[in-house]
Amino acid sequence: MRQVMDRQLIHGFLEQHELQHTFPNALQERIRLYHFEKGETICTEGEQLNQMYFLVKGKLKIYTVSTEGRSRLLRFKNPLDIVGDVEYLKKNLVFNTVEAVTEGALMGISYEDITRLAYDHPPFLQFLLEEVTHKFYTESNASTLNHLNSVETRLASYFLSTATTEKSTLFYQEMKTTNLKDIADLIGTSYRHLNRVIKQMCEEGIIEKKSKRIYIKDHDLLRERAHGNIYE
């Protein structure tokens, strides 16, 4: 990640996400701003963190890796999700790996500054409590999704979670097929089975494979196949 030295931009993000009263003034002055690129690793399972990150732009992917090296998707993070909150409260190493799905920005505050300047600030503590509660709920929901739903439902949910509005067509999404082995691991299936489901979705006009990429063609039908599930 690259630190951005721009106090005006930090205050702009605070206003955009209505955090002026959530963060005490003294803490606001200690905020650092970081820019990350698509595909960049924010933190790795087992790593020691010394600051808490607040996602103010972009999307992050949260996953865990088994001892056999297989990945399992937990959830996606959107603004204003937090990285490092549970680690701060439990004083543990990083629980899961966090990777950037898009480029974006994080506001970072050291654990030391949080303890010194915000530990007795009720609005900040309430915000932290709500975010931690949301995190455990969504990760529990993702675990249920992986265990109880079909591969088609899981794949549809994955596509919906990674869909973006950055292109002119709403919910446009493309994905290189070279990443399909990683996706198979993340949603808990085999590469061969995943390919069968993708072929079926293509035949039904839900998605399209073209030039080694996958495009969403029918967002409404994709959402129907997800049955209301999403990794968020």
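Preceding this section is the structure that the text describes.
Residues numbered from 1 in each chain as written. Predicted model: local features only at pLDDT ≥ 70, side-chain atom pairs only at ≥ 80, totals over all residues. Heavy atoms only, no water.

A. Looking closely at helix 6 (residues 151-162). The end-to-end C-alpha distance of helix 6, which contains 12 residues, comes to 16 Å, matching closely the 16 Å that a straight helix rising 1.5 Å per residue would cover. Burial analysis of helix 6 places 12 of its 12 residues in the buried class, the great majority of the element. When we look at burial in helix 6, the residues that qualify are Val151, Glu152, Thr153, Arg154, Leu155, Ala156, Ser157, Tyr158, Phe159, Leu160, Ser161 and Thr162. (Helix = DSSP H or I, 4+ residues; strand = E, 2+ residues; numbered from the N terminus. Expected span 1.5 Å × (residues − 1). Buried < 20%, exposed > 50% of the residue type's maximum accessible area, 1.4 Å probe, protein only.)

B. Quick look at the packing of aromatic side chains. A complete count under the given rule lists nine aromatic pairs for this structure. Here the aromatic rings of Phe23 and Phe124 are separated by 5.6 Å at their centres, their planes lie at 65°, and the arrangement is edge-to-face. Within this pair, whereas Phe23 is found in the loop between helix 1 (7-16) and helix 2 (25-28), its partner Phe124 is found in helix 5 (residues 122-148), the two being separated by 101 residues in sequence. The pair formed by Phe23 and Phe124 is uniform in burial state, with each residue classed as buried. With a centroid separation of 6.3 Å and 25° between ring planes, the pair formed by Phe54 and Phe127 is classed as stacked. Of this pair, Phe54 sits in strand 4 (residues 51-57) while Phe127 sits in helix 5, and the two are 73 residues apart along the sequence. For Phe127, a relative accessible area of 11% translates into the label buried. Taken together through their ring pairs, the aromatic side chains of Phe23, Phe54, Phe124 and Phe127 make up a single cluster. (Phe/Tyr/Trp six-rings, centres within 6.5 Å; stacked < 30°, edge-to-face > 60°.)

All quantities given are derived from atomic positions and should not be read as evidence of function.
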